[in-house]
Every structure is written in structure tokens, then in C-alpha cells.
Amino acid sequence: MAKRFSTLGRYPTTRLRRNRQSDWSRRLVAETKLSVDDLIWPVFVQEGHNQRTPVESMPGVDRLTIDLFVEAAKQARDLGIPAIAIFPETDPKAKTPDAREAYNPDNLVCRAIVAAKKHVQGIGIVCDVALDPFNSDGHDGIVRDGYVQNDESIEALVKQAIVQTEAGADIQAPSDMMDGRIGAIRKALDARGFIHAQIMSYAAKYASAFYNPFRDAIGSSGALKGDKKTYQMDYANSDEALREVGFDIEEGADMVMVKPGLPYLDILRRVKDTFGAPTAVYQVSGEYAMLKAAAANGWIDERDGVLEVLTAFKRAGADAILTYFALAASEWLAEK
């Protein structure tokens with residue numbers, strides 16, 4: 001590396017600050033461009049009508065009833081955001097150990113998809129494929145004898161992906177981290193004629209401390225028994241992430257994802273460099289909450305801090321960014 005740069009000039013003939021002295025010049029030579037086209041907005045839905053419920057651990061984020069979710073989808077579309085992702089707060093009475101509400105074609109998620117597709121054109125709908133919003137144990141899969149069962153969970157996940165696709169979802173995004181679930185979902189969708197349905201795999205999803213506010217939002221934190229370390233990745237591992245991503249691409253994933261975001265920029269870079277596949281990153285709830293808390297205390301400027309972090313994701317290789325700041329970021333980018 002030192003040899004490569006030795007031929008690029010030396011001070012004072014070369015002054016790297018020349019290109020930094022003006023706003024127009026900085027924009028001209030910028031290596032990374034962040035735009036609204038890079039954003040996916042995660043939205044929480046709840047039962048009821050014309051109601052929004054603040055998520056206390058995520059200031060500025062609300063759970064929305066389906067009618068308000070439709071209006072939110074219109075707002076996102078009008079701002080140029082390409083896609084929204086749906087996450088439900090399921091009625092505790094509907095939660096069971098087998099998570100069968102996940103594949104009820106009339107569940108909250110499916111009704112939200114149908115409503116959005118009926119009233120909003122020109123925006124993609126991404127659906128989570130995981131059992132934790134519907135599982136009375138709070139896990140992403142089905143628990144038997146204190147252990148999350150891989151193959152039994154896949155059977156439920158396949159059914160979930162099918163009903164969500166039938167309702168009109170454009171992208172199925174399995175976040176469960178069961179081995180082999182991408183291949184099973186792809187095979188099942190193709191067998192039913194959904195050959196154009198996309199799969200965005202949460203391929204490298206780590207067992208992280210940064211998920212807790214999300215669990216508050218979907219109402220699974222109180223139900224969760226134990227932790228998720230037997231199926232989500234160990235945050236000490238990097239090579240393993242490449243194996244996970246490689247398997248999912250081989251099984252039919254159209255896009256892959258790294259989750260969480262900022263603590264895993266090295267993983268994001270390795271995934272993009274290794275596979276060159278469309279790669280997403282999820283700026284998760286804990287990352288959002290930290291930025292909001294710091295901004296609320298006057299410790300950082302929210303706009304500058306958020307745009308810096310989102311640009312860091314792009315610089316590290318992200319093609320798409322799931323962020324709760326999507327609305328604000330799209331407005332800030334329009335001002336630039």
C-alpha cells in the first residue's frame with residue numbers, strides 16, 4: 001500500500017486540502033454518494049383504527065394502525081423511499097408455542113400488506129419472516145425442550161412466507177437464522193408460481209445487545225425466554241459470516257443483509273467484496289436509540305450524525321439501508 005501511494009505526489013507540490021476547500025469541490029470528488037434510493041423504512045403496525053402508540057425506547061417511532069400505515073406508505077413513496085418493511089405488534093392472546101398466527105392469511109401483517117397494495121402504488125413492501133412476533137416464547141423459531149428447533153421452524157417459516165407473498169408482499173426477508181430456510185422458502189414460492197418474489201436474506205445476523213428497543217416495539221421482550229445465541233451469530237466471528245452469506249446466495253437469496261449495522265462495518269465490507277451481491281444493512285433499534293438520546297442531550301447534532309453514519313454504511317459497501325431515520329434522512333438529503 002505504501003508503495004502504491006508513493007507515486008501520487010508529495011507536499012508542497014501536492015496539497016490534498018485543495019479539493020476540500022469548497023463545498024462544490026468536496027461534492028465533485030466525493031467517493032461515496034448517499035441518496036434516498038438507498039433507504040428502506042421499517043414500520044411497526046398494531047391493531048385498531050386511527051391510532052399511533054409511541055415506542056418509549058425509540059423516541060419518534062410509533063406503532064401505527066393499518067389506516068395510518070397506509071398513509072405512512074404514501075408519505076414514504078412521495079419522498080422517494082423505494083421500500084418499507086413491516087413489523088407487527090401481535091395481540092398476546094394470538095401468540096402460541098407453535099406461532100401459527102404467523103401463517104394466518106388474515107393476520108395483522110397480511111391485512112396491512114393488502115391495504116397498502118390497494119391504496120399505494122410505486123413502493124416495495126418488505127416482510128420479515130421470523131416467528132418472534134407470534135411465538136409465546138419470544139423466539140424466532142419453535143422451541144421444544146428448551147431448544148429452538150431448526151427444521152420444524154422452517155416448516156412454519158415457509159408457510160409464513162407464502163401467505164405474505166399471497167397478500168402482495170414484494171420481498172420476503174427471513175431474519176430467523178435457521179439453517180436451510182432460504183432454499184426451502186425459494187422452493188416453496190417457486191412451486192406456487194411466485195418465481196418473481198424476491199428474497200432478502202438476513203444472512204449475517206448477530207446475537208446483539210442492540211435489539212432490545214425493537215423487542216419493545218413488537219411486544220416480544222417480555223415473552224423472550226433465554227437468549228438467541230444458539231441461532232444468531234457470535235459477534236466474535238467474521239469468517240463464519242461469509243459462510244452464512246455464501247450458503248444463502250447458493251440457496252436462492254436475491255439480496256443479503258448484515259445486522260446490526262455500525263458495529264459490523266467490517267463484516268459489511270467483507271461480504272460486499274467477497275460476493276458482490278446486492279447487500280443491505282440494518283441500522284437497528286439500539287443504534288437508532290443511541291443517536292436519538294445523544295441528540296436529545298445536545299451531545300451531537302442529529303442531522304449531521306445520522307447522515308454521517310448512513311454514509312458510512314454506503315462507504316462500507318451497502319446497497320440498501322434499513323433505518324428508522326428514513327423519513328428524516330430523505331428530507332435532509334433533499335435539502336443538500
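J.: Talk me through the pairing of strand 1 (residues 39-46); I want residue IDs and the actual numbers.
T.: Look at any regular strand and the pattern is simple: side chains alternate between the two faces of the sheet. Among the eight residues that make up strand 1, eight are buried, leaving the element largely enclosed by the rest of the structure. Burial along strand 1 is two-sided: the face carrying Leu-39, Trp-41, Val-43 and Val-45 and the face carrying Ile-40, Pro-42, Phe-44 and Gln-46 are both buried. Where strand 1 and strand 12 (residues 320-322) come together, two bridges link them in parallel fashion. Paired with Leu-39 across the strands is Ile-321, a residue of strand 12. Summarising the sheet, strand 1 and strand 4 (residues 83-88) pair through six bridges and their orientation is parallel.

J.: Give me the pattern of salt bridges: which residues, what numbers.
T.: For the structure shown, the criterion picks out 24 salt bridges. In this structure, Arg-27 and Asp-23 form a salt bridge, with 2.9 Å as the shortest nitrogen-oxygen distance. Here Arg-27 pairs with Asp-23, and both are found in helix 2 (residues 23-29), just four residues apart, close to one helical turn. On the basis of relative accessible area, Arg-27 is assigned to the partly exposed category, the value being 49%.

J.: Give a description of the nonpolar core that names residues and reports values.
T.: Core analysis: the biggest nonpolar cluster contains 110 residues, and Phe-44, Phe-69, Ile-86, Met-200, Tyr-282 and Leu-322 have the highest contact counts within it. With eight residues, helix 5 (residues 150-167) is the largest single contributor of residues to this core. Look past the residues within four positions of Leu-322 in its chain and what remains in contact with it is Ile-40, Pro-42, Ala-85, Met-200, Tyr-202, Met-257, Ala-280, Val-281, Tyr-282 and Gln-283.

J.: How would you explain the packing of aromatic side chains if you had to name every residue and give the values?
T.: Two aromatic rings, taken as a pair, are described by how far apart their centres are and by the angle between their planes. Scanning all chains against the criterion turns up ten aromatic pairs. On the numbers, 6.1 Å between centres and 50° between planes, the contact of Phe-44 with Phe-87 is tilted. Here the residue Phe-44 occupies a position in strand 1, and Phe-87 occupies one in strand 4, the gap between them amounting to 43 residues. The same class applies to Phe-44 as to Phe-87, namely buried. An angle of 45° between the planes, with centres 6.3 Å apart, marks the rings of Phe-87 and Tyr-282 as tilted. You can see Phe-87 sitting in strand 4 and its partner Tyr-282 sitting in strand 11 (residues 279-282), a full 195 residues away along the chain.

J.: Go over the environment of Ser-153 with me, naming the residues and quoting the values.
T.: Of note, Ser-153 is situated in helix 5. Here Ser-153 falls in the buried class, since its relative accessible area comes to 0%. C-alpha separation for the pair Ser-153 and Ala-112, spaced 41 residues apart in sequence, amounts to 24 Å. If sequence neighbours within four positions are ignored, Ser-153 has contacts with Leu-131, Gly-141, Ile-142, Val-148 and Met-178. Separated by 2.4 Å, the side chain of Ser-153 and the backbone oxygen of Gln-149 make a polar contact.

J.: Tell me about a nonpolar patch on the surface, and please be specific about residues and values.
T.: Together, Trp-24, Leu-28 and Val-29 make up an exposed nonpolar region whose accessible area comes to about 360 Å². Relative to the helices and strands, Trp-24 is located in helix 2. Given a relative accessible area of 55%, Trp-24 falls into the exposed group.

J.: I'd like to hear about helix 3 (residues 66-79), residue by residue, with values.
T.: For an α-helix, the turn length of 3.6 residues means that residues three or four places apart are oriented alike. Here helix 3 is 14 residues long and its end C-alpha atoms lie 20 Å apart, about the 20 Å a rise of 1.5 Å per residue gives. Every buried residue of helix 3 is accounted for by Ile-66, Leu-68, Phe-69, Val-70, Ala-72, Ala-73 and Ala-76. Positive phi appears at Gly-80, one or two residues downstream of helix 3, with a value of about 95°.

J.: How would you sum up the pairing of strand 11? Please name residues and give values.
T.: Burial along strand 11 is two-sided: Thr-279 and Val-281 and Ala-280 and Tyr-282, pointing in opposite directions, are all buried. Alignment of strand 10 (residues 255-259) against strand 11, held across three bridges, turns out to be parallel. Across the sheet, Val-256 pairs through a bridge with Thr-279, a residue of strand 11. Handedness of the crossover joining strand 10 and strand 11 through helix 9 (residues 265-275) is recorded here as right-handed.

Criteria and thresholds
Residue positions within a chain follow its written sequence, with the count starting from 1. Where totals are concerned, whole chains, interfaces and linings use all residues; where local detail is concerned, this predicted model gives features only for residues with pLDDT of at least 70, and gives and counts side-chain atom pairs only at 80 or more. Hydrogens and waters are ignored; side-chain quantities use all the structure's heavy atoms. A simple rule labels every residue: compare its accessible area, found with a 1.4 Å probe on the protein chains alone, to the largest value its type can have, and call it buried under 20%, exposed over 50%, or partly exposed in between. Numbered from the N terminus, helices here are DSSP runs of H or I no shorter than four residues, and strands are runs of E no shorter than two. Any two strands between which DSSP finds at least two bridges are classified as paired. By salt bridge we mean one thing: a side-chain nitrogen of Lys or Arg within 4 Å of a carboxyl oxygen of Asp or Glu. Note on terminology: a nonpolar core comprises buried Ala, Val, Leu, Ile, Met, Phe, Trp, Tyr and Cys residues joined through side-chain atoms within 4.5 Å. Here, two residues are considered to be in contact whenever any of their heavy atoms come within 4.5 Å of each other. Pairs were defined over the aromatic rings of Phe, Tyr and Trp, the Trp ring being its six-membered one, requiring ring centres within 6.5 Å. Orientation was assigned from the angle between planes: stacked under 30 degrees, edge-to-face over 60, tilted for the rest. Residues adjacent in sequence count toward polar contacts only when both atoms are side-chain atoms; beyond that, a polar contact is any pair of N or O atoms within 3.5 Å, and within protein one must be able to donate a hydrogen and the other to accept it. Patches were defined on residues exceeding 30% relative accessible area and lacking a salt bridge, with like-charge contacts within 9 Å and nonpolar side-chain contacts (Val, Leu, Ile, Met, Phe, Trp, Tyr) within 5 Å. Surface accessibility follows the Shrake-Rupley procedure with a 1.4 Å probe radius. Residue values consider only the protein chains on display as shielding. Working rule for helices: expected span equals 1.5 Å times residues minus one. Classification remark: right-handed applies to a crossover when, strands pointing away from the viewer, the course from the first strand over the helix to the second runs clockwise.

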